[in-house]
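Each chain, letter by letter, is given below.
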Amino acid sequence: MANFNVSIQPAQIEYVLQPGRTIIQAYQIKNESGNPLILTTSIEAWQPKNTDGSVSYDNVLLNPNLQFSLNNSDLKLGESFTLQPNSERQLVLKIKSNPSSAPSDTYATFFVTQNPGQIPGESQSQAVVKIGSHLLLTTSTTAKPELKAEIINFKTFPKIKDIFLNQINFSAEIKNPTNFFFKTNGFISITKNNLEIKKIDLTSLNVLSHSNRQIQCSYQTDTPSAKSSNCYLSPPFWPGQYTATLTLSNNDANFSQSISFFVFPYAFIITILIVISIIFSVFYIRKKRP
Amino acid sequence: MIKNNLLLFLFLLIFPSPCFAQTFDSDSYHIDRGNFNMTGGKKDSANYQLTDTVGQNAPGQFDTDGYVIKSGFQYIYDSLFRFSFAISSLNINFGSLVPNVSSMDTNTITISSPGISGYQVLIQENHPLAVNSSTQISNTKCDDSNCTLNLASPWVNDDTYGFGYNVIGVNQSGAVTNVGTSNYFTNPTYFRPFADKSAVPSEISAVIMSEDQPVNKHSARITYKVNIPIDQAAGNYQNAITFIAVPKY
């Protein structure tokens, strides 16, 4: 039975190119299935959707100031080619920007699409598969466009913070009001009585132009690579007031915001009160007995 | 001490050491490199596999307390895997459709995504299952008539008609884990209609599986279900379902 198993490398590229310049990117496409595949290539524009890195291809037009083509001598963009089982092919994408391009970002995907075969008789659906690699392209006259970021909705949860029972979570969105994407390089610093007790690194995520991105944090694990997850601080904590400061650093620009929260030994106090109540109840009942 | 430093300075000024670096120029680029790599990568034969780096300064593995450095292109294979997507079967066959008897078929998708942000898989049909433009099987609305392109609900009744799908995360053994799919389908009885590209306006591809972490070979089983009423016209109903697998940015 025909199946599909294709890999593409790299999964994403990010470039800054000057107006009028051309860049070349090589992709390795490998057919890891047991049958030959007929594939075509295409470029489709997208825009960010939600704050988690999702994309949407709905009604997005490709930047007319960028021309995409394949630099392969025997293949053009949009033409079909056959990839035999367990074989690999290099596709060389050429991206040329018009000299009159206005500084801005373009987001697109380089797709490799498997062409559907003939559908024989009987009721059935045929799977068509597209696997893509993203292109994040900044057209700019400077290598480091000016950055501007806003930190919004920086908060902690849960509202009731106990010294033992639960971890403290941090969430925030980074808003990018500019025409160029940047990365969430930075950290959350937690202090108590003006002493830093913990510094949590932010995961370096892309915040695209005129969009928001939810922060994530990096934690070291036993494996060589760090793990990215929601930002949190694990118990136990000393009771008292804490301050968390979120700092972003990019291209010598710093943006930060601080919030305060209070940790209280709720569970411990409630437990003591329950024990005292039980003791008093026992004494009261014994006293009442004739 | 000052006299020694001055002598050293004079010596270096008179007998400078050449710097063997690499410089490349073109109309569009100027590149300065510290070294010139002659070859590197993965090679194999019937009996051997070799990864190597030739020409780079100080290649190899260096260990110390708390740190391990792997220097050289060959070590890139230790940490990076490719963005890949697989489908176990491209043909989803319902056989002969019988009224009030659900026909189902399954296939399995498997994804690997090295990027720190994870991935998403989207799905869309070119048109409803159809013999021709006027003879179609409508997409399901599920038992409570509440399921939509992005909201699944149960479909278990034999008198609920239409075409829909369920996606549920599974492990290598096929056991249900719901990893990557729990945000979209509660359990295997929850279904959604396909986003219809031929609709006016065209319906946007819907996300069926996603995660926010790098993953290596995470799988999901897709169940396609079709049920027809007694008055459905006879014929071979067909369509194409497009899967789009991309990283998150």
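Scoring rules and cut-offs
Residues numbered from 1 in each chain as written. Chains lettered and ligands numbered in written order. Predicted model: local features only at pLDDT ≥ 70, side-chain atom pairs only at ≥ 80, totals over all residues. Heavy atoms only, no water. pLDDT = per-residue confidence, 0-100. Core = buried A, V, L, I, M, F, W, Y, C linked by side-chain atoms within 4.5 Å. Buried < 20%, exposed > 50% of the residue type's maximum accessible area, 1.4 Å probe, protein only. Contact = heavy atoms within 4.5 Å. Helix = DSSP H or I, 4+ residues; strand = E, 2+ residues; numbered from the N terminus. Pairing = 2+ DSSP bridges. Axes fitted to C-alpha atoms, helices over the stretch in contact; angles between N-to-C directions. Buried area = accessible area lost by both parts, 1.4 Å probe. Salt bridge = Lys/Arg side-chain N within 4 Å of Asp/Glu carboxyl O. Polar contact = N/O pair within 3.5 Å; in protein donor to acceptor, adjacent residues only side chain to side chain. Nonpolar A, V, L, I, M, F, W, Y, C, P; charged D, E, K, R; others polar. Phe/Tyr/Trp six-rings, centres within 6.5 Å; stacked < 30°, edge-to-face > 60°. Lys NZ or Arg CZ within 6 Å of the ring centre and 35° of its normal.

1. Some thoughts on the confidence of the model for chain B
Stage number 1. On average, chain B scores 84 in pLDDT, and the residues at 70 or more come to 73%.
Stage number 2. Across the predicted assembly, pTM comes out at 0.82 and ipTM at 0.90.

2. Observations regarding the nonpolar core
The nonpolar side chains of a soluble globular protein tend to be buried, and buried together.
Stage number 1. Counting 76 residues, the largest nonpolar core has Phe-4 of chain A together with Phe-85, Ile-109, Tyr-165, Ile-208, Tyr-224 and Phe-243 of chain B as the members making the most contacts within it.
Stage number 2. Residue contacts for Ile-109 of chain B: discarding those within four places in its chain leaves Phe-85, Ala-86, Ile-87, Val-121, Ile-208, Met-209, His-218, Ser-219, Ala-220, Ile-222 and Phe-243 of chain B.
Stage number 3. Residues Ile-151, Phe-182, Phe-237 and Ile-259 of chain A belong to the second largest nonpolar core, which totals 28 residues.

3. Digging into the pairing of strand S10 (residues 104-114) of chain A
Residues and elements named next belong to chain A.
Stage number 1. Counting buried positions along S10 yields 10 of 11 residues, so the element is predominantly enclosed.
Stage number 2. Judged from the 7 bridges that link them, strand S4 (residues 37-45) and S10 form a sheet pairing that is antiparallel. Along S10, the bridge assignment pairs Leu-39 with Gln-114.
Stage number 3. Sheet analysis places S10 next to strand S11 (residues 123-139), joined by 10 bridges and oriented antiparallel. Across the sheet, the residue bridging to Tyr-107 is Leu-136, located in S11.

4. Thoughts on the sheet that holds strand S22 (residues 240-250) of chain A
Residue and element names in this part refer to chain A.
Stage number 1. Taken in spatial order, the 4 strands of this open sheet run S16-S15-S22-S23, and their pairing is antiparallel. Each edge of the sheet is formed by a strand with only one pairing partner; in this case those strands are strand S16 (195-201) and strand S23 (253-263). For this sheet the average axis-to-axis angle between neighbouring strands, irrespective of direction, equals 20°.

5. Digging into the interface of chain B and chain A
Stage number 1. Contact with chain B, which involves 41 residues of that partner, is made by 56 residues of chain A.
Stage number 2. Interface area for chain B against chain A, summed over the two sides, is near 4,200 Å², with a carbon-plus-sulfur share of 48%.
Stage number 3. When the buried surface of chain B facing chain A is broken down by residue, Arg-82, Leu-90 and Tyr-249 of chain B rank first, second and third, together holding 24% of it.
Stage number 4. The interface formed by chain B and chain A includes 2 salt bridges.
Stage number 5. When the shortest N-O distance is used, the salt bridge between Asp-52 of chain A and Lys-248 of chain B registers 3.1 Å.
Stage number 6. Applying the counting rule to chain B against chain A returns 26 residue pairs in polar contact (both at pLDDT 80 or more).
Stage number 7. Among the elements of the structure, strand S7 (83-87), strand S8 (91-95) and strand S18 (238-247) of chain B are those that each provide at least two residues to the side of chain B that touches chain A.
Stage number 8. Here the side of chain B that touches chain A gets 10 residues from one element, more than from any other, and that element is S18 of chain B.
Stage number 9. For the side of chain B that touches chain A, the residue count by class is 22 nonpolar, 15 polar and 4 charged.

6. A closer look at the pattern of salt bridges
Stage number 1. Throughout the structure, instances matching the rule amount to 6 salt bridges over all chains.
Stage number 2. Several salt bridges share partner residues, and in doing so they unite Asp-52 of chain A together with Asp-212 and Lys-248 of chain B into one network.

7. Points about the sheet that holds strand S14 (residues 162-170) of chain B
Pairing between the strands of a sheet is mediated by backbone hydrogen bonds and can be parallel or antiparallel.
Stage number 1. Taken in spatial order, the 8 strands of this open sheet run S7(A)-S9(A)-S3(A)-S1(A)-S7(B)-S9(B)-S17(B)-S14(B), and their pairing is antiparallel. Each edge of the sheet is formed by a strand with only one pairing partner; in this case those strands are strand S7 (66-70) of chain A together with S14 of chain B. The average angle at which neighbouring strand axes cross in this sheet is 20°, direction not considered.
Stage number 2. Bridging between S7 of chain B and strand S9 (residues 103-113) of chain B involves 4 bridges; their strand directions are antiparallel. Among the inter-strand pairings, Ile-87 of chain B is bridged to a residue of S9 of chain B, identified as Ile-109 of chain B.

8. Some thoughts on unusual backbone geometry
Stage number 1. In this chain, Gln-9 of chain A is followed by Pro-10 of chain A through a cis amide linkage whose omega measures 5°.
Stage number 2. Tracing the backbone shows Pro-10 of chain A in the loop between strand S1 (4-9) and strand S2 (12-17).
Stage number 3. With a phi angle near 55°, Asn-86 of chain A is a residue other than glycine that sits in the positive phi range.
Stage number 4. Here Asn-86 of chain A shows up in the loop between strand S8 (80-83) and strand S9 (87-97).
Stage number 5. Although it is not a glycine, Cys-142 of chain B adopts a positive phi angle of roughly 70°.
Stage number 6. Note on placement: Cys-142 of chain B falls in the loop between strand S12 (135-136) and strand S13 (153-154).

9. Let's talk about the packing of aromatic side chains
All names here are of chain B.
Stage number 1. A full pass over the atoms with the stated rule returns 16 aromatic pairs over all chains.
Stage number 2. With a centroid separation of 5.7 Å and an interplanar angle of 85°, the aromatic rings of Phe-94 and Phe-163 are classed as edge-to-face. Highlighted residues: Phe-94 in strand S8 and Phe-163 in strand S14, separated in sequence by 69 residues. Note on accessibility: Phe-94 and Phe-163 belong to one class, buried.
Stage number 3. Following the ring pairs from residue to residue traces out a cluster consisting of Phe-94, Phe-163, Tyr-165, Phe-185, Phe-194 and Tyr-224.
Stage number 4. Taking NZ or CZ as reference, Lys-225 lies 4.5 Å from the ring centre of Trp-155, over its face.
Stage number 5. Across the ring face of Phe-191, the terminal group of Lys-225 is positioned such that the distance to the ring centre comes to 5.2 Å.

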